[in-house]
Amino acid sequence: MLDKLQAMISPDVKAGELMARHTTFKIGGPAEFFLEAKTADAVVKAVAAAKRLGIPFFVFGGGSNMLVSDDGVKGLVIKMADRGFTVGERGDVIAEAGTPTVLLSTRVTEAGFTGFEWAIGIPGTVGGAVRGNAGAYGGETKDALVSVRVLKDGVEAVLTNAECSFGYRDSVFKHEPSWIVLSAAFAFARSPDAEAAKAKLRQNLLDRKQKQPVEFPTAGCMFMNWTPSSPNDVESLHRSLDLDKDERVPLTAQGTVPAGWIVDRAQLKGMKVGHVQVSEKHGNFFVSDGKAMADDVVALTAALKTKVRNITNGVVQLREEVEYVGF
């Protein structure tokens with residue numbers, strides 16, 4: 001099968017590539033077949049070959065927000081490594097799916113435009129940010145997105161912002177696994193104060209370093225923020241966490257309660273299974289000591305979710321933001 005894939009796609013297709021080399025968690029067994037695709041055309045070609053040969057395929061970008069099984073991944077794994085992008089004079093931006101989000105955030109801001117400063121704290125790539133409608137500091141990917149070029153059931157198409165069905169850490173791409181983001185077009189406004197925008201970028205980056213465990217292998221945020229269904233849920237959470245009378249439950253711009261804050265107030269930071277633990281710095285990050293296995297993460301995730309559910313009397317049911325691959 002390797003010979004066929006190399007003949008149909010590229011001699012660069014490998015067998016048995018360890019996924020731990022390509023994930024920010026540094027966890028993951030071998031991909032049966034692996035391709036680092038440096039152009040969108042290579043991605044299209046690889047997907048077509050996998051379909052023709054009847055083998056499964058999986059596409060990823062920067063390797064954050066994912067947990068790969070210790071047993072590895074069957075079929076063809078395609079890493080998006082197409083990093084081209086352009087920033088136009090009017091703030092019109094086109095970025096290929098493999099473009100690092102941090103790099104694009106920096107270049108857009110340095111070019112004098114605003115609206116993407118928040119993304120300096122987001123690991124991964126543009127394709128992943130679109131798929132999960134990534135966000136931070138009150139901003140989300142959908143805010144400035146105009147359209148997405150996508151490989152839809154083997155055929156290239158362009159979807160408008162509305163057709164992407166964006167929601168909180170959600171999009172149509174999460175519900176249509178065979179649809180692959182190839183590139184995205186954005187429109188950013190000219191910054192009224194370019195130096196202030198650059199200062200905000202630096203502040204967001206500093207804030208990330210101070211509040212997140214960037215010094216350890218981690219997948220990024222493990223859980224989505226919790227969405228209360230009514231004001232009574234917020235009051236119940238307040239009571240179950242035994243907060244001081246004057247302490248308020250924080251709500252984001254999307255009306256959610258930060259998962260890290262819940263874990264912190266539930267006094268679960270530092271909780272550990274095997275070689276992975278809940279970060280002492282941020283409750284929504286799991287960190288590895290460099291020896292963690294995927295099974296450690298799965299076990300800690302289950303244990304933490306159960307404890308939070310019990311502490312909050314069933315009100316809070318944490319949902320993973322991290323994608324499971326190969327399980």
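Anyway, here's the lowdown on the structure attached to this text. Predicted model, so just to flag it, every value in this text is computed and none were measured.

**What about the packing of helix α3 (residues 101–110) against helix α6 (residues 194–211)?**
- Remark: α3 packs on α6, axes separated minimally by 9 Å, with the N-to-C direction vectors making an angle of 160°. Regarding the angle of α3 to α6, the classification is roughly antiparallel. The crossing of α3 and α6 is left-handed. Along its contact with α3, which presents Ser105, Thr106, Thr109 and Glu110, the element α6 presents Ala197, Lys198 and Leu201.
- Considering only residue class, the contact of α3 with α6 consists of 2 nonpolar, 3 polar and 2 charged.

**Here's the deal with helix α9 (residues 294–311)**
- Counted at 1.5 Å a residue, the expected span for α9 with its 18 residues is 26 Å, and the 26 Å between its end C-alpha atoms agrees.
- Within α9, the full set of buried residues consists of Ala294, Asp296, Val297, Leu300, Thr301, Leu304 and Val308. Along the axis of α9, the buried residues cluster in a sector spanning 145°; they form a single face. With respect to the buried face of α9, the exposed residues turned more than 90 degrees away are Asp295 and Asn310.
- Contact partners of the buried residues in α9: β4 (66–68), α8 (259–265), β15 (272–273), β16 (276–278), β17 (286–288) and β18 (323–325).
- Immediately downstream of α9, the backbone of Asn313 shows phi near 55°, a positive value.

**Here we look at the nonpolar core**
- With 48 residues, the main nonpolar core has Leu76, Val130, Phe173 and Phe186 as its most contacted residues.
- Considering each element in turn, this core owes the most residues, 6 residues, to helix α2 (residues 40–53).

**Digging into the pattern of salt bridges**
- This model, assessed by the stated rule, comprises 14 salt bridges.
- Here Arg149 makes a salt bridge to Glu156, at a shortest N to O gap of 2.7 Å.
- By relative accessible area, Arg149 is classed as partly exposed at 28%.
- Across the salt bridge formed by Glu320 and Lys305, the nearest N and O atoms sit 3.0 Å from each other.

**Some words on the environment of Asp170**
- Turning to its location among the elements, Asp170 is positioned in the loop between β12 (155–160) and α5 (172–175).
- Overall, the relative accessible area of 24% leaves Asp170 in the partly exposed class.
- Taking the C-alpha atoms as reference, Asp170 lies 25 Å from Asp264; in sequence the two are 94 residues apart.
- Each residue touching Asp170, except ones within four places of it in the same chain, is listed here: Arg131, Gly132, Asn133, Ser165 and His175.
- Separated by 3.0 Å, the side chains of Asp170 and His175 make a polar contact.

Calculation notes
Residues numbered from 1 in each chain as written. Predicted model: local features only at pLDDT ≥ 70, side-chain atom pairs only at ≥ 80, totals over all residues. Heavy atoms only, no water. Axes fitted to C-alpha atoms, helices over the stretch in contact; angles between N-to-C directions. Helix = DSSP H or I, 4+ residues; strand = E, 2+ residues; numbered from the N terminus. Parallel < 35°, antiparallel > 145°, perpendicular 65-115°, else oblique. Left-handed = near helix turned anticlockwise from the far one by under 90°. Contact = heavy atoms within 4.5 Å. Nonpolar A, V, L, I, M, F, W, Y, C, P; charged D, E, K, R; others polar. Expected span 1.5 Å × (residues − 1). Buried < 20%, exposed > 50% of the residue type's maximum accessible area, 1.4 Å probe, protein only. Arc of directions from axis to C-beta. Core = buried A, V, L, I, M, F, W, Y, C linked by side-chain atoms within 4.5 Å. Salt bridge = Lys/Arg side-chain N within 4 Å of Asp/Glu carboxyl O. Polar contact = N/O pair within 3.5 Å; in protein donor to acceptor, adjacent residues only side chain to side chain.

Shape descriptors only; they carry no functional weight alone.
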